Amino acid sequence: MAAEIIDGKAFAAKVREKVATQVARLKADHGLVPGLAVVLVGEDPASQVYVRSKGKQTVECGMNSYEHKLEATTSEADLLALIARLNADAAVHGILVQLPLPGHINEDLVINTIDPAKDVDGFHISNVGLLGTGQKSMVPCTPLGCLMMLRAHHASLSGLNAVVVGRSNIVGKPMANLLLKDSCTVTIAHSRTKDLAALCRGADILVAAVGRPEMITGDYVKPGATVIDVGINRIERDGKTKLVGDVDFASAAAVAGAITPVPGGVGPMTIACLLANTLTATCRANGLAEPEGLTA
Ligand code: NDP
């Protein structure tokens, strides 16, 4: 039987709708408007596209968007001073610094200068520690999006075998921690893992965050498993530029029970979760109940 395609685009639209409804309620009941500040240093074209898209979706959900575009030559001290101002600004509930930053700026220092309560990317070391110890934190957007789709697809994740291929700080590790928090039995695989295909074939949930186009084929998939493809790779095929994941969709879909496509799977969920995190940060900052179904 062909795998069910998990439609991330439709799922993300539902998340945005939920966020917009709750933002309207916050405004009506408490006179509060969540605000997201996005800081872009330099002119990386891909980053500019992301920032534009984030700003547009923020406003569409009824939130305030504050964009700070700085020259590539901006000094680290000036960037840190801007972050200090945003930390102190009560109208700003979420701060996102678009990565990568130019080479002369220490990314860790910048991220760890953001107020952890406003760290909607979930990269601040305090949030990493809170998530790693199973406590309430701001959760990185891409893994949060994957978790939401998995929770919607499975009645319970408890006891399922999960393999996460990739151990990066922004995807692999937080994904593994989230699955562990939901009581999966989790294995993290990486470039040194032996017999990766056999390991993956033991997974009820297989998350690919590798950055290698179509590496995970049907041979890596347990029949009926749920496959989440985080990868975004641009390749040339038949003279055209094409977007593909880390999973070879056709062969994996022939074996899996459910699978996310690329494009239209995990990708759209990332910005939707950024909006959800901004709403969560606003609620927490004002001592209000957290939005249901939008947090880990
Ligand atoms: P990184 O390059 O930071 O990490 C890749 C990981 O994959 C590493 O842990 C690496 O292992 C592992 N790896 C590489 N080659 C192999 C291999 N042959 N076998 C097993 N493991 C391997 O990537 P990211 O985590 O940042 O991103 C992963 C993918 O997700 C990329 O395609 C990226 O574009 C995409 N992405 C998508 C997002 C979205 O919004 N949908 C957001 C963020 C990323 P080792 O540590 O040993 O080197």
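What you see is a predicted model, and the numbers here were worked out from it, not measured in a lab.

A. A look at helix α7 (residues 172-181). Regarding α7, the residues found buried are Gly-172, Pro-174, Met-175, Ala-176, Leu-178 and Leu-179. As for α7, its buried residues are in contact with α5 (125-132), α6 (141-153), β5 (161-165), β6 (185-189) and β7 (205-208).

B. A look at the pairing of strand β8 (residues 226-229). Going residue by residue along β8, you find Thr-226 and Ile-228 tucked away on one face and Val-227 and Asp-229 tucked away on the opposite face as well. Here β7 runs beside β8; their pairing, made up of four bridges, is parallel. Within β8, the position partnered with Val-207 by the bridge is Ile-228. Of the pairings in the sheet, the one linking β8 to strand β11 (residues 258-259) comprises two bridges and is parallel in character. Considered in β11, the bridge of Val-227 is made with Ile-259.

C. Main features of the domain arrangement of the protein. What the domain assignment reports for the protein is domain 1 (30-117) and domain 2 (141-268). Inter-centroid distance (C-alpha atoms) of domain 1 to domain 2 is 29 Å.

D. Quick look at the site of the ligand. Residues in close proximity to the ligand total 23 residues, the closest being Arg-167, Ser-168, Ser-191, Arg-212 and Thr-270. Here a nitrogen atom of the ligand and a side-chain polar atom of Arg-212 are 2.7 Å apart. Between an oxygen atom of the ligand and a side-chain N or O atom of Thr-270, the distance comes to 2.8 Å. Out of a free accessible area of 940 Å², the ligand has 71% covered by protein chains. Ranked by the residues each element gives to the shell around the ligand, the list is headed by helix α10 (residues 266-285), at three residues. The class makeup of the residues in the shell around the ligand is ten nonpolar, ten polar and three charged.

E. Just the pattern of salt bridges, in detail. Counted under the stated rule, the structure contains seven salt bridges. A salt bridge links Glu-60 to Lys-56, with the shortest nitrogen-to-oxygen separation between them at 3.2 Å. Placement of the pair is Glu-60 and Lys-56 together in helix α2 (residues 45-60), with a separation of four residues, close to one helical turn. For the pair formed by Glu-60 and Lys-56, the shared burial category is exposed. A salt bridge links Arg-284 to Glu-290; the shortest N-O distance between them is 2.7 Å. Shared partners join several salt bridges into a network, and the residues in it are Lys-136, Arg-284 and Glu-290.

Here is what the cut-offs are and how they apply
Residues numbered from 1 in each chain as written. Predicted model: local features only at pLDDT ≥ 70, side-chain atom pairs only at ≥ 80, totals over all residues. Heavy atoms only, no water. Buried < 20%, exposed > 50% of the residue type's maximum accessible area, 1.4 Å probe, protein only. Helix = DSSP H or I, 4+ residues; strand = E, 2+ residues; numbered from the N terminus. Contact = heavy atoms within 4.5 Å. Pairing = 2+ DSSP bridges. Domains from an automatic or database assignment. Near = heavy atom within 4 Å. Polar contact = N/O pair within 3.5 Å; in protein donor to acceptor, adjacent residues only side chain to side chain. Areas by Shrake-Rupley, 256 points an atom, 1.4 Å probe, with all protein chains shown as cover. Nonpolar A, V, L, I, M, F, W, Y, C, P; charged D, E, K, R; others polar. Salt bridge = Lys/Arg side-chain N within 4 Å of Asp/Glu carboxyl O.

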